[in-house]
Amino acid sequence: MNCNSTAPHIHQQWCDRPVEIVAPELIGCTLVRQLANGDQLRGMIVETEAYGPDDPACHGYRGRTPRTEVMFGPAGVAYVYLIYGMYHCFNVVTDQENIASAVLIRALELEALPQWVPDKKRKQPHRIAAGPGKLCQVLQIDRTLSDRPLIPSEALWLEHRSPTTQQKFADNSWRLCQTTRVGLSKGVDTPWRWYLEGSSCISKP
DNA sequence: CTCACGATTGGA
DNA sequence: CCAATCGTGAGC
């Protein structure tokens, strides 16, 4: 029996706002992965990036394609894609239908280390989900989860900041940093990356 | 059909 | 610095 309280889950309506508003507010929220074998993996979001309409770095910028169709759909849905032929990236679709936008989740602080993590990676346990490809690896997120609504009856969903976390932002003991985005060739000057200041779990400190 | 490339990562 | 590795999407 787990007696820890869990925050309410995030609804479509909360995600149905401009991506640059949702992205910083997702910091401190929890991403939950329910595996078929019953295991549940949980991590607090500590780094995000926004991708929106009129943004040349956004996959949806040049119009609808089979892969990016989901970005044009309703908010609160997962957009997962394969990058460099070997890693997946997980995004939360935002804003109204027909507006291509999503928040890339770039790093998590895991609540607990999964048992199956190889010894090699246990040397730096806080770095296991520090990066968009790495967090998808550890949470076993791939494209089969793309286009799925992020609700608790599915394999993947989001929970709001806990009261404790909310208080840390409120009293300024936790703060957000805002910078330009990582790894792009277009839209390099748009300051749409946010991370939890001082976190040891972000992808690029 | 062909082909250049990528919202990455780990290792030399 | 560089290779790994393959789906995507643009061009022909």
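Everything below is about the structure printed above this text.
Residues numbered from 1 in each chain as written. Chains lettered and ligands numbered in written order. Predicted model: local features only at pLDDT ≥ 70, side-chain atom pairs only at ≥ 80, totals over all residues. Heavy atoms only, no water.

Visitor: Help me understand the overall build of chain A in this model?
Guide: The secondary structure content of chain A amounts to 5 helices and 8 strands. Ordered by position from the N terminus, the helices and strands of chain A form the series α-α-β-β-β-β-β-α-α-β-α-β-β. Relative to its length of 205 residues, chain A is compact, with a C-alpha radius of gyration of 16 Å against a globular reference of 17 Å. For the C-alpha atoms alone, the extent of chain A along its principal axes is close to 45 × 40 × 35 Å. Counting every position in chain A, which comprises 205 residues, the buried fraction comes to 48%. Put simply, of all contacts in chain A between residues at least 6 apart along the chain, 61% involve residues at least 24 apart. Here chain A displays about 10,600 Å² of accessible surface, and carbon together with sulfur accounts for 49% of that area. The average position of the 22 basic charges and that of the 21 acidic charges among the side chains of chain A differ by 8 Å. (Helix = DSSP H or I, 4+ residues; strand = E, 2+ residues; numbered from the N terminus. Rg over C-alpha atoms; globule rule 2.2 N^0.38 Å. Buried < 20%, exposed > 50% of the residue type's maximum accessible area, 1.4 Å probe, protein only. Contact = heavy atoms within 4.5 Å. Areas by Shrake-Rupley, 256 points an atom, 1.4 Å probe, with all protein chains shown as cover. Lys, Arg positive; Asp, Glu negative; His and termini not counted. Charge placed at Lys NZ, Arg CZ, Asp CG, Glu CD.)

Visitor: Would you mind going over the pairing of strand β1 (residues 30–34) with me for this structure?
Guide: Residues in a regular strand project their side chains so that they alternate between the two faces of the sheet. A large share of β1 lies buried, amounting to 4 of its 5 residues. In this structure, β1 lies alongside strand β2 (residues 40–51), joined through 5 bridges in antiparallel fashion. Bridge pairing in β2 links Leu-31 to Gly-43. Where β1 folds back onto β2 in an antiparallel hairpin, the turn is made up of 5 residues, including Gly-38, whose phi is positive at roughly 100 degrees. Two elements, β1 and strand β6 (residues 156–159), share 4 bridges in a ladder whose sense is antiparallel. Bridging across to β6, Thr-30 finds its partner in Glu-159. (Pairing = 2+ DSSP bridges.)

Visitor: What is the right way to look at the packing of aromatic side chains in this model?
Guide: Centre distance and the angle of the planes are the two values used to describe a pair of aromatic rings. If you walk through the whole model with that rule in mind, you get 2 aromatic pairs. Taking the centre distance of 5.8 Å and the plane angle of 85 degrees together, the rings of Phe-169 and Trp-174 count as edge-to-face. On the basis of relative accessible area, Trp-174 is assigned to the partly exposed category, the value being 22%. Positioned above the aromatic ring of Trp-14, the side-chain terminus of Arg-17 is 4.7 Å from the ring centre. Taking the ring centre of Tyr-81 as reference, the NZ or CZ of Arg-67 above it sits at 5.8 Å. (Phe/Tyr/Trp six-rings, centres within 6.5 Å; stacked < 30°, edge-to-face > 60°. Lys NZ or Arg CZ within 6 Å of the ring centre and 35° of its normal.)

Visitor: Even after reading the chapter, I still don't get the protein's contact with DNA strand B, so can you show me in this structure?
Guide: In the neighbourhood of DNA strand B, 23 residues make up the surrounding shell, with His-59, Tyr-81, Asn-91, Lys-120 and Gly-133 lying closest. Counting only atoms of DNA strand B within 4 Å of the protein, the sugar-phosphate share comes to 50%. Tyr-81 is positioned such that a nitrogen or oxygen atom in its side chain is 3.0 Å from a base nitrogen of DNA strand B. Here Arg-106 contributes a side-chain N or O atom positioned 3.2 Å from a phosphate oxygen of DNA strand B. Secondary structure elements with two or more residues in the surface near DNA strand B: β3 (78–83), β4 (87–93), β5 (102–110), α3 (119–122) and α4 (132–139). Grouping the constituent residues of the surface near DNA strand B by class yields 12 nonpolar, 7 polar and 4 charged. (Near = heavy atom within 4 Å. Polar contact = N/O pair within 3.5 Å; in protein donor to acceptor, adjacent residues only side chain to side chain. Nonpolar A, V, L, I, M, F, W, Y, C, P; charged D, E, K, R; others polar.)

Visitor: Even after reading the chapter, I still don't get α4, so can you show me in this structure?
Guide: Along an α-helix, a turn takes 3.6 residues, which lines up residues three or four apart on a common side. Burial of α4 is extensive: 6 of the 8 residues sit out of reach of the surface. Turning to α4, its buried residues are Pro-132, Gly-133, Leu-135, Cys-136, Val-138 and Leu-139. Following α4 by one or two positions, Gln-140 has its phi on the positive side, about 55 degrees.

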